[in-house]
Amino acid sequence: MTEPLPLLIESSIEIAWDYLERTGELGDAMVAGRFLSDTIELMVRRGERRRLMLANKAITAYQQFRRQTEHPILASA
């Protein structure tokens, strides 16, 4: 039996959130929550149903997002 999609999304977000919080990478809670939610929901819409895969990919995407927003590449004039 498969887990209902809202519970799958919620548990995947919780796994990702807990990891990022424990490692000190969470940053702004509002930004993190929205990013993780949007990222995981998009993957679910594309057919991914493995909770740990959803969480791990969302973590990686969030870490990359944080690196890009903390150190934006300056465009040369």
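As the structure is a prediction and not an experimental result, all values here were calculated from the model. Per chain, residue numbering runs from 1 following the sequence as it is written. With pLDDT at 70 or above as the cut-off, local features in this predicted model cover only qualifying residues; side-chain atom pairs require 80 or more to be listed or tallied, and sums for whole chains, interfaces and linings still use all residues. Only hydrogens and water are set aside; all other atoms, that is, all heavy atoms of the structure, feed into the side-chain values.

Enquirer: What is the right way to look at the pattern of salt bridges in this model?
Expert: Should their charged atoms come close, side chains of opposite charge can pair. A carboxyl oxygen of Asp or Glu within 4 Å of a side-chain nitrogen of Lys or Arg is what we treat as a salt bridge. Applying the stated criterion to the full structure yields four salt bridges. Note that Arg 51 is salt-bridged to Glu 3, the shortest N-O span being 2.9 Å. Of this pair, Arg 51 sits in helix α3 (residues 51-70) while Glu 3 sits in the segment before α1 (5-22); the two residues are 48 residues apart in sequence, bridging distant segments of the chain. Throughout this description, buried means an accessible area under 20% of the type-specific maximum (1.4 Å probe, protein chains only), exposed means over 50%, and partly exposed covers the range between. When its relative accessible area of 36% is taken as the criterion, Arg 51 is described as partly exposed. Of the residues examined, Glu 3 reaches a relative accessible area of 28% and is grouped as partly exposed. Note that Glu 48 and Arg 50 form a salt bridge whose closest N and O atoms lie 2.8 Å from each other. Helix and strand labels come from DSSP, where a helix needs a run of H or I of at least four residues and a strand needs a run of E of at least two; each type is numbered from the N terminus.

The values are spatial; any link to function lies outside them.
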